[in-house]
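What the coordinates show
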Amino acid sequence: MSGQTLTDRIAAAQYSVTGSAVARAVCKATTHEVMGPKKKHLDYLIQATNETNVNIPQMADTLFER
């Protein structure tokens, strides 16, 4: 299994369709399962904080909602 519930997988697919890579990474890094996130998702979010075209407050809101 991928470590994600069906709801998490559907949410990640929705973010993929809408084109929000940051929201997709947040969704995949914050599953409802009791396990740590994958390093690749955390690395992507850390790298995104250094990008000029990423809205940091929006990323924080997405993390807070999850």
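Here, every reference points to the structure presented above.
The notes below deal with the structure included here. Small disclaimer: the values here were computed from a predicted structure and weren't measured.

Some words on the nonpolar core
Membership of the largest hydrophobic core is limited to 8 residues, which are Val22, Ala25, Val26, Ala29, Leu45, Ala48, Val54 and Met59. Looking at this core, the elements with two or more residues in it are α2 (21-29) and α3 (39-48). Take this core: its biggest share by element is 4 residues, from α2. In this structure Val22 touches Tyr44, Leu45, Ala48, Val54 and Met59, once residues within four positions along its chain are discounted.

Some words on the pattern of salt bridges
All chains considered together, the criterion is met by 1 salt bridge. In this structure, the salt-bridge partner of Asp43 is Lys39, at a minimum N-O distance of 2.8 Å. Placement of both Asp43 and Lys39 in helix α3 is noted, with a separation of 4 residues, approximately one turn of the helix. Its relative accessible area of 35% is what places Asp43 among the partly exposed residues. Look at Lys39 and you get exposed, because its relative accessible area is 60%.

Rules used in this analysis
Residues numbered from 1 in each chain as written. Predicted model: local features only at pLDDT ≥ 70, side-chain atom pairs only at ≥ 80, totals over all residues. Heavy atoms only, no water. Core = buried A, V, L, I, M, F, W, Y, C linked by side-chain atoms within 4.5 Å. Buried < 20%, exposed > 50% of the residue type's maximum accessible area, 1.4 Å probe, protein only. Helix = DSSP H or I, 4+ residues; strand = E, 2+ residues; numbered from the N terminus. Contact = heavy atoms within 4.5 Å. Salt bridge = Lys/Arg side-chain N within 4 Å of Asp/Glu carboxyl O.

Limitation: the analysis is restricted to geometry and does not speak to function.
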